[in-house]
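# Notes for the structure review
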Amino acid sequence: MSAYQWFVFFLIVQVIHGLGTWKLYEKAGRKSWEAFIPVYNSIVLMKIINRPTWWTLLLFIPIVNLIMFPVVWVETLRSFGKNSSLDTWLGFLTLGFYIYYINYTQNVTYISDRSLQAKTKTGDTISSILFAVVVATIVHTYFIQPFTIPTSSLEKTLLIGDFLFVSKYNYGARTPMTAVAAPMVHDTIPVVKTKSYLSWPQLPYFRFPGYEKIERNDIVVFNWPADTVYKFFDTSGRSVVKPIDKKSNYVKRCIATPGDVLQIKNSIIHVNGKEINLPERAKPQHAYFMTYDANVPLDFEYLLSQVNSTDGAGFINDKRDTIYIKALTDEGAKTLRTIPGIKSVTKALTIKGEPNIFSRNPNWNSDNMGPITIPKKGVTVTLTKDNFSIYKRLINVYEKGNDVKIVGNDIYNNGKKINSYTFQQNYYWMMGDNRSNSEDSRYWGFVPEDHIVGKPIFIWMSWDSNAKGLDKIRWDRLFTTVSGEGQPQSYFKYFLGLLALYFVGEYFWKKRKVAKE
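This write-up is about the structure you can find in this document. What you see is a predicted model; the values in this text were computed from it and never measured.

Moving on, we come to the nonpolar core. Leu262, Ile372, Tyr391, Trp429, Phe446 and Ile452 are the most contacted members of the largest nonpolar core, which has 43 residues in total. Secondary structure elements with two or more residues in this core: strand S5 (219-223), strand S6 (249-256), strand S7 (261-265), strand S8 (268-271), strand S14 (369-373), helix H10 (388-398), strand S20 (427-431) and helix H11 (441-444). When residues of this core are assigned to their parent elements, the largest contribution, 6 residues, is made by H10.

Another point: the sheet that holds S14. Strand order in the open sheet formed by 4 strands is S9-S8-S7-S14, with antiparallel pairing between adjacent strands. Only two strands of the sheet have a single neighbouring strand rather than two, namely strand S9 (274-275) and S14. Judged from the 3 bridges that link them, S7 and S14 form a sheet pairing that is antiparallel. Its bridge partner lying in S14, Ile264 is registered against Met369.

Turning to the packing of aromatic side chains, a few remarks are in order. In the structure shown here, the tally under the stated rule is 35 aromatic pairs. Ring plane angle 70° and centroid distance 6.1 Å describe the contact between Tyr142 and Phe208, whose orientation is recorded as edge-to-face. Pair noted here: Tyr142 is in helix H7 (residues 121-142) and Phe208 is in the loop between strand S4 (194-195) and S5, with a separation of 66 residues, a long-range link. Aromatic pair Tyr391 and Phe423: ring centres 5.7 Å apart, planes at 50°, arrangement tilted. In this pair, Tyr391 sits in helix H10 while Phe423 sits in the loop between strand S19 (420-422) and S20, placing the two residues 32 residues apart along the sequence. As far as the burial class goes, Tyr391 and Phe423 line up, both buried. Cation over ring: Lys195 sits above Tyr197, and NZ or CZ is 5.0 Å from the ring centre.

Of the two faces of strand S17 (residues 410-413), the one holding Ile411 and Asn413 is buried and the one holding Asp410 and Tyr412 is not buried anywhere. With 4 bridges connecting them, strand S16 (residues 404-407) and S17 associate as antiparallel partners. When the sheet's bridge partners are listed, Lys405 is paired in S17 with Tyr412. Where S16 folds back onto S17 in an antiparallel hairpin, the turn is made up of 2 residues, including Gly408, whose phi is positive at roughly 70°. Strand direction decides the pairing type here: S17 and strand S18 (residues 416-418), joined by 3 bridges, are antiparallel. Paired with Asn413 across the strands is Lys416, a residue of S18. Here S17 hands over to S18 after 2 residues, with Asn414 in that stretch at a positive phi of 55°.

Helix H5 (residues 85-93) packs onto helix H4 (residues 64-79) with a crossing angle of 140° between their chain directions and a minimal axis gap of 9 Å. Judged by the angle between their axes, H4 and H5 are oblique. For the crossing formed where H4 meets H5, the hand is right-handed. Of H5, the residues touching H4 (which contributes Pro70, Trp73, Val74, Leu77 and Arg78) are Asp87, Thr88, Gly91 and Phe92. Taken together, the residues of the contact of H4 with H5 sort by class into 5 nonpolar, 2 polar and 2 charged.

What counts as what
- Throughout this description, residue numbers start from 1 for each chain and increase along the sequence as written.
- Totals for whole chains, interfaces and linings use all residues, but because this is a predicted model, local features are given only for residues with pLDDT of at least 70 and pairs of side-chain atoms are given and counted only at 80 or more.
- Values shown for side chains rest on all heavy atoms present in the structure; no hydrogens or waters enter the calculation.
- The criterion is simple. A nonpolar core is a set of buried Ala, Val, Leu, Ile, Met, Phe, Trp, Tyr and Cys residues joined through side-chain atoms within 4.5 Å.
- With a 1.4 Å probe rolled over the protein chains alone, any residue whose accessible area is under 20% of its type maximum counts as buried; one over 50% counts as exposed, and the rest are partly exposed.
- Here a strand is any run of E in DSSP of at least two residues, a helix any run of H or I of at least four, and the numbering for each starts at the N terminus.
- Strands are labelled as partners when DSSP assigns at least two bridges between them.
- Pairing of aromatic rings covers Phe, Tyr and Trp, the last counted by its six-membered ring, and requires centre-to-centre distances within 6.5 Å; plane angles under 30 degrees mean stacked, over 60 mean edge-to-face, and any other angle means tilted.
- Remark: a charge is flagged as sitting over a ring if the NZ atom of Lys or the CZ atom of Arg is within 6 Å of the ring centre and within 35 degrees of the ring normal.
- Interaxial angles span 0 to 180 degrees and are taken between N-to-C directions of axes, which are lines fitted to C-alpha atoms, for helices over the stretch in contact.
- Here roughly perpendicular refers to angles of 65 to 115 degrees, roughly parallel to angles under 35, roughly antiparallel to angles over 145, and oblique to all remaining angles.
- Handedness of a crossing is defined here by the sense of rotation of the near helix relative to the far one, left-handed for an anticlockwise turn of less than a right angle and right-handed for a clockwise turn.
- In this analysis, two residues are considered to be in contact whenever any of their non-hydrogen atoms come within 4.5 Å of each other.
- Each residue is assigned to one of three groups, with Ala, Val, Leu, Ile, Met, Phe, Trp, Tyr, Cys and Pro labelled nonpolar, Asp, Glu, Lys and Arg labelled charged, and all others, Gly among them, labelled polar.

Here you go:
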């Protein structure tokens, strides 16, 4: 829905509210017209039900308002003496329209001084749970959200089993686009394994200002632009068209930012004509072919475990003297070359074109592509038959109101001949550090700004499913920062110290309080 459509929808909702409550407003000593004035009617309603005015704000926060609407319906009914369980269920199950029945057919009396305390233990528990869910939803949506690393695309920097806290406020929190969804879950409700949202209606994209911009080498969480899978890791072949904010969450390194010119030459990344300079913590890996003397006994598993190999020995070629290593750092390759019995360690570069590569350019592959200009908001690019495949999906899918296509030797947009296009938003180029085992921008292209979720700030837990006992916890990774200079440093011991200090302080505070009494 466009902003205009949402405005019209908002006004319709206000009229529906006014028609269903204006008599109740009068019975509460207010004017009937106050029930129809947008926002103001909510402020007045909070006074009627004796709830704080700031509750009005919660009614306009996406997802949170889905929790607050039923609460306000029930509070309204109780303010006019409708306290039975039947009244509560009717208010909830009719989506508030039971209030229409009360408004027009019942001679109710307004209770201005009703008790706001729950009359049963169950009611008190429900109120506490709802309050906790509202607070958690606000934190989850606008401040910090937990994520898990499910794949090895950033291996060595981030490991499978790392549990992250991702900041929403660094780059600016994005308000939910999907208006009707279960709180604090993504595209699937746990246990019942069903879709957690309704695709309609959709809110317009909006992002609060952040205090930093996405820079080259930042690790970023974003919604996978090309996502149509029914569920992450689902191999059933089912597909679904998802809203932007319900697409699968990916985490990659930002390699190029808006306006940059990117080119990959023999797996080496160049940005604006210079080889990219990665931070110390980044440990890019590539696939390698290792040849060896079959007459020299070598313990391959041990060797590869000592040289930063992620996936072990891989598999042996038909030649029987060559091993394909799926992921190895450049430093690891240098070390292997010094070991007696190993003849060569050569990067496994893709030479031929790949059919699934970004833009479907027959001459490009994952190790050689470009140059590519990363689109920047407000910047105009000349469109030609040569670069049309690079920007076609971007213009038609990620930008609004376009239908570009080639007719003969000319390019048309919505039936009008064009030779240039001005971008509506910024775009980014994201890649994994595990270069030969990462599905990234080389395959599905640019990441639009409206797909950006947030910035990982630290690892609070790291779990190695292949280890045993307490070794399953990677203790050296607990409470380590994701970004920053130098090697990662765990702050777990400081966390334990503060936790111990808190409990000791609480113990003495309670002891002192008891002594005074």
